[in-house]
Amino acid sequence: ETSLSMARSLRQRGFATLTGENLDGLGAAAAEAGICLGPEGSVDCVALLNVLDRCDVPVSLLRDLRRRLRPGTGRLLLTVVLPFRPFVERGSGRVPPKERLPLDPNASWEASVTVLWEKVLEPLGFELDVVARLPYLSEGDATVPVYALDDGVFVLRSGGEDVYPLTSQVPRAS
């Protein structure tokens, strides 16, 4: 979870939560929650819910998560707000992420899901079990009280070889 207040709220509800944008503290967080990691620190399931659009390094995070899924049985439950309009909160400001996903912020939900699968998730070596659309209501801001959005919900497993470009500047969709 990238939001410290959301991580605190999740922990208060009994969820094992890792803050930040990498898995450096996974072993300690799992031990604190009484969760036994598998071989080489692998996990059975990770829920990454509406984090990618606020993550500075989404490709690196996804790559790291794929490596940590238990071979054969591990799953990643991934939700992504679509259309995808990423930013990272730094202090009181917002900045673009260091790594950019090739998603058009004005594309339809269907087009966004297709590009996310074909240009990001599949090249990173994920295999797709299920994809679904889920309505999502988000707290608004000074101009809009509530945003009605749609999530792409993916259930993924570690699959083939990671062939995603290693560059930190991912090309934008054309």
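Residues numbered from 1 in each chain as written. Predicted model: local features only at pLDDT ≥ 70, side-chain atom pairs only at ≥ 80, totals over all residues. Heavy atoms only, no water.

Colleague: Mind showing me how you'd approach the sheet that holds strand S1 (residues 45-49) here?
Modeller: In a beta sheet, neighbouring strands are held together by backbone hydrogen bonds and run either parallel or antiparallel to one another. Pairing in this open sheet of four strands is mixed, and the strands run S1-S2-S6-S5 from one edge to the other. Of all the strands in the sheet, just S1 and strand S5 (126-139) have a single pairing partner and so form its edges. This sheet shows a mean twist of 15° between the axes of neighbouring strands, independent of strand direction. Alignment of strand S2 (residues 75-82) against strand S6 (residues 146-158), held across seven bridges, turns out to be antiparallel. What sits directly across from Leu82, in S6, is Asp150. Its contacts with the sheet put helix H3 (residues 58-68) on S1, S2, S5 and S6, and the angle it makes with S1 is roughly 160°. (Pairing = 2+ DSSP bridges. Helix = DSSP H or I, 4+ residues; strand = E, 2+ residues; numbered from the N terminus. Axes fitted to C-alpha atoms, helices over the stretch in contact; angles between N-to-C directions. Contact = heavy atoms within 4.5 Å.)

Colleague: Quick question: what am I supposed to make of the pairing of S1 here?
Modeller: Taken residue by residue, a regular strand's side chains alternate between the two faces of the sheet. Burial of the side chains of S1 is restricted to one face: Val46 and Leu48 are buried, whereas none of Cys45, Ala47 and Leu49 on the reverse face is. Here S1 runs beside S2; their pairing, made up of five bridges, is parallel. For Cys45, the partnering residue across the bridge sits in S2 and is Arg75. In this view, the connection linking S1 to its parallel neighbour S2 by way of H3 has right-handed handedness. (Buried < 20%, exposed > 50% of the residue type's maximum accessible area, 1.4 Å probe, protein only. Right-handed = clockwise from strand over helix to strand, strands pointing away.)

Colleague: Would you explain the nonpolar core in this entry?
Modeller: One broad rule of soluble globular proteins: the nonpolar side chains tend to lie buried together. Among the nonpolar cores identified, the biggest contains 31 residues, and Leu48, Leu62, Leu76, Leu78, Leu101, Leu121 and Phe126 are the most heavily contacted of them. Of all the secondary structure elements, the ones that give two or more residues to this core are S1, H3, S2, helix H4 (109-121) and S6. Considering every element that reaches this core, the biggest residue donor is H4, with six residues. If sequence neighbours within four positions are ignored, Leu78 has contacts with Leu48, Leu52, Leu62, Leu121, Gly152, Val153, Phe154 and Leu156. (Core = buried A, V, L, I, M, F, W, Y, C linked by side-chain atoms within 4.5 Å.)

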